[in-house]
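Here's the letter readout for the chains.
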Amino acid sequence: MDKGKCALEPKSAAVHYANGLQNGFCSPQRSSGSSGGSAAAGPSVAGLGCSSPGSSCSCSGSSGGGGHGCFESLHHHVLQEQQHNGSPAKRSRLRRRTESVRKNRPPFPWFGMDIGGTLVKLVYFEPKDTPAEEEQEEVENLKSIRKYLTSNVAYGNTGVRDVHLELKELSICGRRGSLHFIRFPTQAMHSFIQMGRDKNFSSLHTTLCATGGGAYKFEEDFRTMADLQLLKLDELDCLIQGLLYVDSVGFNGHPECYFFENPSDPESCVKWPCCLDNPFPMLLVNIGSGVSILAVYSKDDYKRVTGTSLGGGTFLGLCCLLTGCETFEEALEMAAKGDSTNVDKLVKDIYGGDYERFGLQGSAVASSFGHMMSKEKRDSISKEDLARATLVTITNNIGSIARMCAVNEKIDRVVFVGNFLRINTISTKLLAYAMDFWSKGQLKALFLEHEGYFGAVGAFLELLKSSDDPRDDP
Amino acid sequence: MPRGGSLTKLAYYSTVQHKVAKVRSFDHTAKETEGDPLYEISVQEEITARLHFIKFENTYIETCLDFIKDHLVNTETKVIKATGGGAYKFKELIEKKLRLKVDKEDEMTCLIKGCNFVLRNIPHEAFVYAKHADSEFRFQNTHPDIFPYLLINIGSGVSIVKVESEDKFERIGGSSIGGGTFWGLGALLTKTKRFDELLQLASRGQHSSVDMLVKDIYGGAYSSLGLTGDLIASSFGKSATTDKEFSKEDMAKSLLHMISNDIGQLACLYARLHNLSRVYFGGFFIRGHPVTMHTITYSINFFTKGEVQALFLRHEGYLGAIGAFLKGAEEDNPNQYSWGENYAGSSGLMSVSPDLNPMQRARSGTFDMLEMDRLERQLVNLPLLQDPSSYVPDTVDLTEDALAREYWLSCFEDALDGVVKRAVASQPDLPQAAERAEKFRQKYLHKLQTLRHQPFAYGSLTVRSLLDTREHCLNEFNFPDPYSKVKQKENDVALKYFQKVVMSLEKLSWEQRQFALVKGLLAGNVFDWGAKAISDVLESDPEFGFEEAKRQLQERPWLVDCYNEWLERLKGPPHKCALFFVDNSGIDIILGVFPFVRELLCRGTEVVLASNSGPALNDVTNSELQILTERIAAMDSVIQTALKEDKLTLVQSGSSSPCLDLSRLDKALATVVLERHTDLVVIEGMGRAIHTNYYAMLNCESLKLAVIKNSWLAERLGGKIFSVVFKYEVPFKSQELKQ
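Residues numbered from 1 in each chain as written. Chains lettered and ligands numbered in written order. Predicted model: local features only at pLDDT ≥ 70, side-chain atom pairs only at ≥ 80, totals over all residues. Heavy atoms only, no water.

Looking only at helices and strands, chain B features 28 helices and 24 strands. Residue burial in chain B is summarised as follows: out of 739 residues, 60% are buried. Accessible surface for chain B amounts to roughly 29700 Å². Of this, 50% is attributable to carbon and sulfur atoms. (Helix = DSSP H or I, 4+ residues; strand = E, 2+ residues; numbered from the N terminus. Buried < 20%, exposed > 50% of the residue type's maximum accessible area, 1.4 Å probe, protein only. Areas by Shrake-Rupley, 256 points an atom, 1.4 Å probe, with all protein chains shown as cover.)

Next comes the structure, spelled out in structure tokens:
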């Protein structure tokens, strides 16, 4: 495949997003951006919560916002390669290797990993422009990793590849290919590390870029069990960089971002794609096991406003205890069938109607689980009702805190991400409604298709940056 | 009558018939005969207004209604005010049973009205809760301006209300995650039905086995963000990933943390948005439960980094009832009345110490009864207070000082026999004096015992509150003024010496006289039935005289001795006006205070004599002082002229306490103080100048003087019994100007 041509082909999406990339990521490299952002985040944060996939932003000083040299030179590479295009056959394996390094490309495989409290998110770049003879020379275990990951959609009992999220035809560091999105429970982390050892991953001399709390928690295990060195990255830095990147490349020709039109009317509420053309400032609400709320002013200027421990982990944890369910999917399925008003006490249950003195509608929830104070009611509700009430309670609470933060920070765009929102339209619609209703239309809730994967994408981007030398922008 | 969750709170207003002691001057035109008393004492019936608040469980609703019915017999009441959820639920029952119309009052309006009322009228109403401190309750000074504040009412849900003035408030937010969520979800998770039991479970649990902590994700702290490893990252996060059974205790604890943290976080967000720093918490979730007060306090500290303190209210459980009542009665006109907590009729804050009184702890609630007496006057700050918001009347907080607490409680216990005897003796002709006195003994003894275990029951425990409680208990059993006869006799005797004392003072040189006046003032103050050491001497030797007292006084230099500075000041220009808070009857006021006042008047200084409105121990009351002043004026031209020319004024302080709270004084007094441009305040006696106001900072010169008639206290201050405190203070500013 002619990579040069391909990359230059006016595939509208590719070109458009490449431009986006340019805009978004080409600021001078190794700026002090990250430390600036982090410093702001540090002391001003008041939050116990932590985000899910671990918590909080670090001010690790590593990485951070700076541009991604690799992308910065994307066009550059493309042009170069076009010129050299004539003689691919002459390249020896060694030459390619050195060229790869000279072109500031890390050796394959390219991974980004986000080890959260509940889930590990893994992104894997599958190069699709590998010439046949290069493929032959490809080391065996590299090949087997690629085959294993790309030919399966499930790994072991619990690993899943979100096929529908795959980003195709991406040009990254002069290579073209697909970005795959894989997740598995953090509980399976040790099996994963063992697999890395069994496949002799360390022989590939790749850097494993990891973010999330697990990057710290499992660092030692990676080293001792699999002889792998992790490049630990701050999860909030990664989250923001990953989010901006995915938004800029788009979702296979479609926008990554969406919102709900008519959020206050269930009948006519529809999902609608949109672009984050000028994304700043935004309030970024990351709902994993817990919740982190960030105010993002530019790609490398943000602060963690607060967090709450009532997040996805709380929803699933309570659901497991209350209904005996075991998975997120199961919990959501139950919730979809349940009726929370059997569990929650509404304003009308107390006042017989609206509480007019304070403009509270009768249908508003006055007390979550309030009916459960009565034994009769406890005996009469279904597991589905309980699951629904749990979901609604957690979602409304996040909405309420997010809304207060938005008002305090004077930001009117609230972007919700995190795996809690995966296959969870009840919550996304409820959040959209809550933002709209309680702010009287002042706040807008936005969502992203790759909800939980931005941290992993951010870590992946750092990998590409990590082997990059400082260089002048042409 | 607000009827929340499971308890009914009832507020009613009564007029209480009380015996009060009155003094009346005899007709002066009649020829005085030897042995005739100075004035006549009579005990009369007086009617005072009182607010009662009681509460009981809903199960007793019928009994409650019977109770109300009995108390409504002779009233014109046609309407009963009710608020809370039950106002809707029990409306029919109430209307049928009482044949009264039920007026449903808005819950929040009542709550706010009640909250304003207690904040304004009850000192030490608000407190900070500190679980691990020496005293769990740290009571807050009454701030003269209670607005604006934030009230977070945690009932089944949460309401967040911003209160800006008496009538202006707004519900700025709320949350559905509240007490009902704790109760409902807790009942589901633990199969425990009762709210109190859930709290007990929670207090025994370990949340870290259920919650996912930062360290569970990071392996340790996330120090770059300042998140410690023990912080909760995801509430119930472990129950989603761990396949095991969790104990009821651990789940209840996790739930409690989750809800408290969530409410705390929202409260902080709202406080920040509206720039409010006073945040009060109430509602059944809080209601005196140490567990929830602790978790809420923790959460507020965490989210505001200590900038905002969570405040709780002693009478939180009654706010709705108080408000509902006030709304109906319109009795709460702050321009006309003040209210004071009656310690005799109010049960205090419950003990929370786990090893004490488990029965009481099991009952959920701040207290069971509250009585508030109405004063027909407005009480205000002394306008001369340097910083009213930081003024604390009491010198020692016995809640925090265990040693002092132990001493004073024992001291009051030991003195009780004498007080009972005195009370009986004061009413030789009245029926059942002995029985009533015995009841008084039981009641006060019980109060003291309660305070030994729960020093915080009525706010900060102080010598003042112990004294006031005794007065309230005496009144309760119709001993309005046990010292009336003693005072009468002493006044009588002292008056006979007045002219002699004045004459001997006149003979002295100016400088000698100034010292003699101060010494007289101090010697007079030795005569005090309130102090045990003195009452013993007076009891055994009635002839103990003025001269004897002078000999007993400590020689200079005194324990606190600013006499030289005072003398220097007297050499300067006269003060414009002196406000004198007087102490005891008899020798003190007549032979000590009046000669001193006379000298001030001669110097051209106007004098305002402030005395108690009602009786307390042997302190001279305003009505007694009026008679005494008239009699002295008849003997002394200086006093007579001063009265005539309005240079000497008598005002009542608004108080009936042996101590003095400068933040609750009769408004008329404050007005006079301002009109006369008062530039000197004299405070006399242990109760007013040592137990209280010793550290009070004023805008003008002040003189605090007392004889320490208690060896324990004297020792504590580094002296012996009969040590003298003569504290002359000049505010920093005017001192600077002089130099």
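A few words now on unusual backbone geometry. Of note, the bond from A:F280 into A:P281 is cis; its omega dihedral lies within 30 degrees of zero at -10°. Cis rather than trans, the peptide bond between B:F147 and B:P148 has omega equal to -10°. Residue position: B:P148 is located in the loop between β6 (137-139) and β7 (149-154). Backbone geometry at B:N693 places phi at a positive 65°, although glycine is not the residue there. Mapped onto the elements of the fold, B:N693 is located in the loop between α26 (686-691) and β23 (701-708). One non-glycine residue, B:F722, adopts positive backbone phi at about 70°. Locating B:F722 in the fold gives a position in the loop between α27 (711-716) and β24 (723-729).

This paragraph deals with the nonpolar core. Counting residues in hydrophobic clusters, the biggest one holds 102 residues, and the most contacted among them are B:L466, B:W566, B:L609 and B:F726. Those residues in contact with B:L466 that sit more than four places away from it in its chain are B:L398, B:W408, B:L409, B:F412, B:Y444, B:L448, B:L451 and B:L461. Ranked by size, the runner-up nonpolar core spans 99 residues in total, among them A:C320, A:M404, B:F137 and B:F285. (Core = buried A, V, L, I, M, F, W, Y, C linked by side-chain atoms within 4.5 Å. Contact = heavy atoms within 4.5 Å.)

Enumeration over the complete set of coordinates arrives at 49 aromatic pairs over all chains. Relative to A:F420, the ring of A:F315 lies with its centre 5.9 Å away and its plane at 75°, an arrangement referred to as edge-to-face. Taken together, the positions of A:F315 in helix α13 (residues 312-323) and A:F420 in the loop between β16 (413-417) and α18 (425-438) put the pair 105 residues apart, joining distant regions of the chain. Since its relative accessible area comes to 0%, A:F315 is described here as buried. Taken together, a centroid distance of 6.0 Å and an interplanar angle of 80° make the contact between B:W408 and B:W712 edge-to-face. Within this pair, whereas B:W408 is found in helix α13 (residues 402-414), its partner B:W712 is found in helix α27, the two being separated by 304 residues in sequence. According to the relative accessible area criterion, B:W408 is buried, its value standing at 6%. Judged by its relative accessible area of 22%, B:W712 falls in the partly exposed class. Above the plane of the ring of A:Y148 lies A:K199, whose end atom (NZ or CZ) is 4.8 Å from the centre. (Phe/Tyr/Trp six-rings, centres within 6.5 Å; stacked < 30°, edge-to-face > 60°. Lys NZ or Arg CZ within 6 Å of the ring centre and 35° of its normal.)

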